[in-house]
Amino acid sequence: MVTPVADSVDIASLPLPELTAFVAGLGEKPFRAKQLFKWLHQRGATSFDEMTDLSKALRERLKAEARLVTVEKDLEQRSVDGTIKYRFKTHDGKLIESVYMPSPDRKTLCVSTQVGCAMGCKFCATATLGLQRHLTPSEIVAQVHAVNREVRANEKLEKLRPLTNLVFMGMGEPLHNFENLKVALGLLQSEDGHQFSARHITVSTVGLVPMIERFAAETDVKLAISLNASNDETRDRIMPVNKRWKIADLMNAVRNFPMKYGRRVTFEYVLMSGVNDSDENAGELAELLRGLPVKVNLIQYNENPGLGFNSTQDNRAATFQKLLEQAEVPAFIRANRGRDIAAACGQLANVVKQEGVTAP
Ligand code: SF4
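Quick caveat: nothing in here was measured; it's all calculated off a predicted structure.

Cut-off values and rules
Residues numbered from 1 in each chain as written. Predicted model: local features only at pLDDT ≥ 70, side-chain atom pairs only at ≥ 80, totals over all residues. Domains from an automatic or database assignment. Contact = placed C-beta atoms within 7 Å. Helix = DSSP H or I, 4+ residues; strand = E, 2+ residues; numbered from the N terminus. Nonpolar A, V, L, I, M, F, W, Y, C, P; charged D, E, K, R; others polar. Pairing = 2+ DSSP bridges. Axes fitted to C-alpha atoms, helices over the stretch in contact; angles between N-to-C directions. Near = placed C-beta within 6 Å. Parallel < 35°, antiparallel > 145°, perpendicular 65-115°, else oblique. Buried ≥ 20, exposed ≤ 12 C-beta atoms within 10 Å, placed from the backbone. Left-handed = near helix turned anticlockwise from the far one by under 90°.

(A) Spotlight on the domain arrangement of the chain. Split into domains, the chain comes out as domain 1 (9–67) and domain 2 (72–354). Of note, the centres of domain 1 and domain 2, computed from C-alpha atoms alone, are 33 Å apart. Taken together, the 12 residues of domain 1 in the interface contact 15 residues of domain 2. Per element, the largest residue contribution to the side of domain 1 that touches domain 2 is 4 residues, and it comes from helix H2 (residues 30–41). Within the side of domain 1 that touches domain 2, the residues separate by chemical class into 4 nonpolar, 4 polar and 4 charged.

(B) Looking closely at the sheet that holds strand S11 (residues 222–226). If you walk across this open sheet you meet the 10 strands as S3-S4-S5-S6-S9-S10-S11-S12-S13-S14, and the pairing is mixed. At either margin of the open sheet sits one strand with a lone partner, and together these are strand S3 (72–78) and strand S14 (331–333). Across the sheet, the mean angle from the axis of one strand to that of its neighbour is 20 degrees, orientation sign disregarded. Pairing between strand S10 (residues 201–205) and S11: 4 bridges, direction parallel.

(C) Quick peek at the site of the ligand. If you check the shell around the ligand, you find 12 residues, and the closest are Cys117, Met119, Cys121, Cys124 and Ala127. Its residues assigned to classes, the shell around the ligand comprises 7 nonpolar, 4 polar and 1 charged.

(D) Just the environment of Pro330, in detail. Tracing the sequence through the fold places Pro330 in the loop between helix H11 (314–326) and S14. Counting along the chain gives 285 residues from Pro330 to Ala45, while the straight-line C-alpha distance between them is 42 Å. Ignoring any residue separated from it by four or fewer positions in sequence, one finds Pro330 in contact with Lys295 and Val296.

(E) The packing of helix H6 (residues 209–218) against helix H9 (residues 247–255), seen in detail. Across the interface, H6 lies against H9 with an axial gap of 9 Å and an inter-helix angle of 5 degrees. By the angle between their directions, the pair H6 and H9 is classed as roughly parallel. Within the contact between the two elements, H6 uses Val209, Ile212 and Glu213 and H9 uses Asp249, Leu250 and Ala253. Of the residues contributing to the contact of H6 with H9, the split by class is 4 nonpolar, no polar and 2 charged.

(F) Here's a closer look at unusual backbone geometry. Positive phi, normally seen in glycine, also occurs at Lys156, with a value near 50 degrees. Structurally, Lys156 can be placed in the loop between helix H4 (137–154) and strand S9 (165–168). The class for Lys156 is exposed, based on 7 C-beta atoms found within 10 Å. For Glu328, which is not glycine, the phi torsion reads 65 degrees and is therefore positive. Note on placement: Glu328 falls in the loop between H11 and S14.

(G) Spotlight on the environment of Arg152. In this fold, Arg152 is placed in helix H4. As for Arg152 and Cys110, which are separated by 42 residues in sequence, their C-alpha atoms are 17 Å apart. Once residues lying within four places of it in the same chain are set aside, the contact partners of Arg152 are Leu157 and Pro162.

(H) Main features of the packing of helix H10 (residues 279–289) against H11. Direction vectors running N to C along H10 and H11 enclose 35 degrees, while the axes themselves pass 9 Å from each other. The two elements H10 and H11 cross, and the hand of that crossing is right-handed. Residues Asp279, Ala282, Gly283, Leu285 and Ala286 of H10 touch H11, and the partners they reach there are Phe320, Leu323 and Leu324. Partitioned by chemical class, the residues of the contact of H10 with H11 number 6 nonpolar, 1 polar and 1 charged.

Shown next, in the form of structure tokens:
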């Protein structure tokens, strides 16, 4: 792993035009920038020495002028359902988690965008870490390349980039780190990079309303709203963000979201026993969503010791789903991946905390 030089250029965070300008500054032709970009974002290179079609002199120059930010695998945990949770260490010793969820038709990675989180959702383990810092575009993208390498090796695949889908639902609130997220999405979607299609990327937010407008205008990937309550009273209690932007503000932003060309909004609703899972709650939720081209993912809460919330039982979840469907709101009970290894929704950070190695 290259040790980053603090004031050098974070080269894997640069979109191709900026990289081209940087390379021009070194006296090199534009096609060198494309070669370099492909090494970084198609092959997921972790050192300049790997870039064998660049001259030795240029590689040495890059080592002196730029840093290649990667993340280092620190821990891996495997679930009985095939989910693998990776804990990565950043160059400054921070710990982040990414969750690989294979299924017969796709290989999905849940990506983190921040170290910890500032949003303070009462039911979430990540919230207990607070926000330590934003991840850079290179650190966001590095999780994807690191897991590609793992999947290639574990599953003995020839394919360079086996991951097919990304969900930004790991540690952090992606829209709180929007500038870096936007750059990372550009790198991941680039023709000269990973080539993810917009249809295969979903970003989840708790509802930073002004940022949803920017997200709609400046990206083309899918949006998920982590709603988790059917009225303001409950949402105020479990999600502090609701004190700033009410459910009505959020619904206005969703109504204005450009849902065309297959782009759509998913609502994530974590079912917690006695908190948000009554018949009345289902009715309120149906009222909010009726007629909108959206779907609801129902997730039975993954209990986190000490946070004081309990999971909804299977029969209650099934009734909740039925009530939504009767109101013609499409609703699905989502399989709870990686629950046994604390890799499921709202559980990231448990392992870090349990092992007492929380980053400073
Ligand atoms: S649920 Fe998401 S936004 Fe809320 S505290 Fe956890 S990581 Fe942050």
